[in-house]
Amino acid sequence: MRTRKAAVIFIFVTVTLDILAMGLTIPVLPKLILDFLGGNMKDAANWNGWFGLVFAAMQFLFSPVLGVLSDRFGRRPVILLSNLGLGLDYIVMALAPSMSWLFLGRIISGVTASSIPTAMAYIADVVPKEKRAGAFGMIGVAFGLGFVIGPFMGGLLSDFSPRLAFWVAAGFSLTNWLWGYFFVPESLSRDQRKEFTLRRANPVGSLLLLRSHPELGKLATIQFLAYVAHNVFSVWALYAIYRYAWNQTSIGISLAVVGICTAAISAGLTPRMVKHFGEKRTLYIGQFFGATGMLIAGLARTGAVLLASVPIISMWNMSMPAAQSMMTHRVSEREQGELQGALQSMRSITFIIGPWLFLRIFGWFIDPKNKIHLPGAPYYLAAALLFTAMLMSTRIKQRPVESQTAMPQNAPLAPPEVTATGAAPFSEGKENI
């Protein structure tokens, strides 16, 4: 017997280590590429673009595959295989003798990093429906911690060697694999598993699940708008340099503030908001604050005002777990992996189009050739997308959810219905998983 809280803590640690490992390489990979190209900055910029594109493309293609495989064979083997593959991949990148080997490593990392949707499905397996928003909020904490600590550590390690960060990242991923191998139980019982089909594993076909229910389709559209808006951070550094003449230290500090606010809000505020206001209200309240913060960032005339917008923008993070939880209520327990894979594929599409969109808009509105000078235009667009998502969210129906109770591993689910009032703190009761 294991507690649900222990299972969620494992997933929290797993995602934190995954994001920490990826964060370690963020400040290092561009420098390594630059070294391979003999210091040619223009070629390095182009190659960095290709590296980002291939990573997002692999996420798009393989997230639904891993999600469907986890519905068929269970969450544990998929998470373990992904952690092992990611650790070995970082070793390949640390030893890469040429650009082609480094590029191959990036392709593999895009595939193996697709384990996060499976981790989300694991949470859906072990946490009662009315408490999932709070559990998904812990994933936001993991992302925040990983992106605060990872890049900072990567920058320090790069002072010794540009390849050292890859070795440390490999150590984190392989440690994660070992821990999971010895201590992690399976969360999906055999009677809840679903046959593997190519239609479900196809990245385009998997998106059809998001249209299987009218409100699921609406929530998917809302999340798509939010995911696109999130890519405005691709212009954060250039915007701060252009408008406020920030140096790299100031930019790093500001991004650390973003991570800290994300973690604090996800851990401290999200469960309380969902408990008191319900998932639907938490969804559009978070989007309102996000849109308002984006508007402030676009209007900010000083760096201090831009930094002050960060906590307001970060309030948006409480809407993501609420939306995730509402979507899990609208598919069966046998389709949670497919759902998370489809959402990750959808998000990968926005990773491909979002940075290009916001960077082009930023470049156009600061070009002296154009009559309109509006450097804050990318943030105005992000605010408009979030306001649109907020208005759509007010029209979503809040459904009653079913509460899962402790039961034997192979027993069929037959939970009583309760009215959804939001997520409560994790129960200390035990459950077979």
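One numbering rule holds for all chains: residues counted from 1, following each sequence as written. Per-residue local features are limited, in this predicted model, to residues with pLDDT of at least 70; the limit for side-chain atom pairs, both in listing and counting, is 80 or more; totals at the level of whole chains, interfaces and linings are taken over all residues. Note that the side-chain values use all heavy atoms of the structure and ignore hydrogens as well as water.

**Observations regarding the side chain of Ser314**
Put simply, the rule is: Secondary structure elements follow DSSP: runs of H or I no shorter than four residues count as helices, runs of E no shorter than two count as strands, and numbering proceeds from the N terminus. The cut-offs for exposure are 20% and 50% of the maximum accessible area for each residue type, with area from a 1.4 Å probe on protein chains only; residues under the lower value are buried, those over the upper are exposed, and the others partly exposed. For the purposes of these results, a polar contact is taken to be a pair of N or O atoms within 3.5 Å, where, inside protein, one atom must be able to donate a hydrogen and its partner to accept one; residues adjacent in sequence count only when each atom of the pair is a side-chain atom.
As for its placement among the helices and strands, Ser314 is situated in helix α14 (residues 303-314). Classification of Ser314 as buried rests on a relative accessible area of 3%. Within polar-contact distance, the side chain of Ser314 engages the backbone oxygen of Val310 at 2.8 Å.

**A look at the packing of aromatic side chains**
As a reminder of what qualifies: We call Phe, Tyr and Trp rings a pair once their centres come within 6.5 Å, taking the six-membered ring for Trp, and we label the pair stacked below 30 degrees between planes, edge-to-face above 60, and tilted otherwise. Lysine NZ or arginine CZ positioned within 6 Å of the ring centre and within 35 degrees of the ring normal marks a charge as sitting over the ring.
Tallied over the entire structure, the rule returns twelve aromatic pairs. With a centroid separation of 5.2 Å and 85° between ring planes, the pair formed by Tyr181 and Phe182 is classed as edge-to-face. Residue class for Tyr181 comes out partly exposed when judged on its relative accessible area of 45%. Put simply, the rings of Tyr239, Tyr242, Tyr244, Trp246, Phe362 and Tyr379 pair up and form one aromatic cluster. The ring of Phe73 has Arg72 lying over it, and the distance from NZ or CZ to the ring centre is 5.0 Å. Cation over ring: Arg76 sits above Tyr181, and NZ or CZ is 5.8 Å from the ring centre.

**What about helix α17 (residues 377-393)?**
As a reminder of what qualifies: To estimate the expected span of a helix, subtract one from its residue number and multiply by 1.5 Å.
If you check α17, its first and last C-alpha atoms are 24 Å apart, about what 17 residues at 1.5 Å a residue would give, namely 24 Å. Of the positions making up α17, those classed as buried are Ala377, Pro378, Tyr379, Ala382, Ala383, Leu385, Leu386, Ala389, Met390 and Ser393.

**Remarks on the nonpolar core**
Test applied: Take the buried residues of types Ala, Val, Leu, Ile, Met, Phe, Trp, Tyr and Cys, join any two whose side-chain atoms come within 4.5 Å, and each joined set is a nonpolar core. Only heavy atoms enter the contact rule, under which two residues are in contact if any of them lie within 4.5 Å.
Core analysis: the largest hydrophobic core is formed by 50 residues, its most contacted members being Leu210, Met294, Leu306, Trp316, Met327, Leu339 and Tyr379. Those elements that place two or more of their residues in this core are α11 (214-230), α12 (236-244), α13 (248-299), α14, α15 (319-328), α16 (336-366) and α17. Broken down by element, this core gets its largest block of residues, nine residues, from α11. What Leu306 contacts, discounting residues up to four positions off in sequence, is Trp236, Tyr239, Tyr244, Trp246, Ala297 and Ala300. The next biggest cluster of nonpolar side chains, apart from the first, holds 44 residues, and it includes Phe12, Val28, Leu29 and Leu32.

**Quick look at the confidence of the model for the protein chain**
Quick reminder of the rule: A residue's pLDDT is simply how confident the predictor is in it, with values from 0 to 100.
Averaged over every residue, the pLDDT of the protein chain is 77; the share at 70 or more is 84%. Of all helices and strands in the protein chain, the one with the weakest mean pLDDT is strand β4 (residues 430-431) (31), whereas α17 scores best (95). Segment residues 401-433: pLDDT under 50, and 97 contacts once partners within four positions in sequence are set aside and those in other chains are kept.

**Looking at a nonpolar patch on the surface**
Note the threshold: A patch is a set of surface residues, each over 30% in relative accessible area and not in a salt bridge, joined within 9 Å for like charges and within 5 Å for the nonpolar side chains Val, Leu, Ile, Met, Phe, Trp and Tyr. The accessible surface values rely on the Shrake-Rupley method and a 1.4 Å probe; as for residues, cover is taken only from the protein chains in view. Take a side-chain nitrogen of Lys or Arg and a carboxyl oxygen of Asp or Glu: if they are within 4 Å of each other, that pair is a salt bridge.
On the surface, Trp47, Trp50, Leu53, Ile352 and Ile353 cluster together into a nonpolar patch covering about 450 Å² of accessible area. Going through the elements one at a time, α3 (41-73) and α16 are the ones with two or more residues in the nonpolar patch. With three residues, the top contributor of residues to the nonpolar patch is α3. Locating Leu53 in the fold gives a position in helix α3.

**Digging into the environment of Gly286**
Mapped onto the fold, Gly286 is located in helix α13. Since its relative accessible area comes to 0%, Gly286 is described here as buried. On a C-alpha basis, the gap between Gly286 and Ile313 in space is 8.8 Å, while along the polypeptide they are 27 residues apart.

**Comments concerning the side chain of Arg106**
Which entries qualify depends on this criterion: Charged-residue counts in this description rest on Lys and Arg as positive and Asp and Glu as negative, His and the chain ends being excluded.
Relative to the assigned elements, Arg106 resides in helix α5 (residues 99-112). Of the side chains with opposite charge, Asp89 comes closest to the buried, unpaired Arg106, at an N-O distance of 6.8 Å. Setting aside anything within four residues of it in sequence, one finds Arg106 in contact with Leu29, Phe51, Val54, Phe55 and Met93.

**Description of the pattern of salt bridges**
Using the criterion set out here, one finds two salt bridges in the structure. Note that Asp71 and Arg75 form a salt bridge whose closest N and O atoms lie 2.7 Å from each other. With its nearest N and O atoms 2.7 Å apart, the salt bridge here joins Arg75 to Asp125. Taken as a pair, Arg75 in helix α4 (residues 75-95) and Asp125 in helix α6 (residues 116-126) lie far apart in primary sequence, 50 residues in all. Pair check on accessibility: Arg75 and Asp125 agree, each one buried.

**Some details on unusual backbone geometry**
For Ala245, which is not glycine, the phi torsion reads 55° and is therefore positive. Its place among the elements puts Ala245 in the loop between α12 and α13.

**A word on the environment of Ile107**
Inspection of the secondary structure assignment puts Ile107 in helix α5. For Ile107, a relative accessible area of 25% puts it in the partly exposed group. Residues Ile107 and Ala57, spaced 50 residues apart in sequence, show a C-alpha to C-alpha distance of 8.8 Å. Excluding its chain neighbours within four sequence positions, the residues that come into contact with Ile107 are Val54 and Met58.

**A word on the packing of α11 against α17**
Applied cut-off: Lines fitted to C-alpha atoms define the axes, with helix axes restricted to the stretch in contact, and inter-axis angles between N-to-C directions lie between 0 and 180 degrees. In this scheme, roughly parallel covers angles under 35 degrees and roughly antiparallel covers those over 145, while 65 to 115 is roughly perpendicular and the rest are oblique. Crossing handedness: left-handed means the near helix sits turned counterclockwise from the far one by under a right angle, and right-handed means the same turn made clockwise.
Look at α11 against α17: their axes get within 9 Å of each other, and the N-to-C directions meet at 160°. Regarding the angle of α11 to α17, the classification is roughly antiparallel. Judged by the sense of rotation from one axis to the other, the crossing of α11 with α17 is left-handed. For the pair formed by α11 and α17, the contact residues are Lys218, Thr221, Ile222, Leu225, Ala226, Val228 and Ala229 on the first element and Ala382, Leu385, Leu386, Thr388, Ala389, Met392 and Ser393 on the second.

**Quick look at the packing of α16 against α17**
Each pair of packed helices can be summarised by the angle the axes make with each other and by the distance between the axes. Basically, it comes down to this: Residue polarity is assigned by list, with Asp, Glu, Lys and Arg as charged and Ala, Val, Leu, Ile, Met, Phe, Trp, Tyr, Cys and Pro as nonpolar; anything else, Gly included, falls into the polar class.
At a minimum axis distance of 8 Å, the contact between α16 and α17 shows a crossing angle of 135°. Relative to α17, the element α16 lies oblique. Residues Leu357, Phe358, Ile361, Phe362 and Phe365 of α16 lie in contact with α17, whose contacting residues are Ala377, Pro378, Leu381, Ala382 and Leu385. Here the contact of α16 with α17 is built from residues that sort into ten nonpolar, no polar and no charged.

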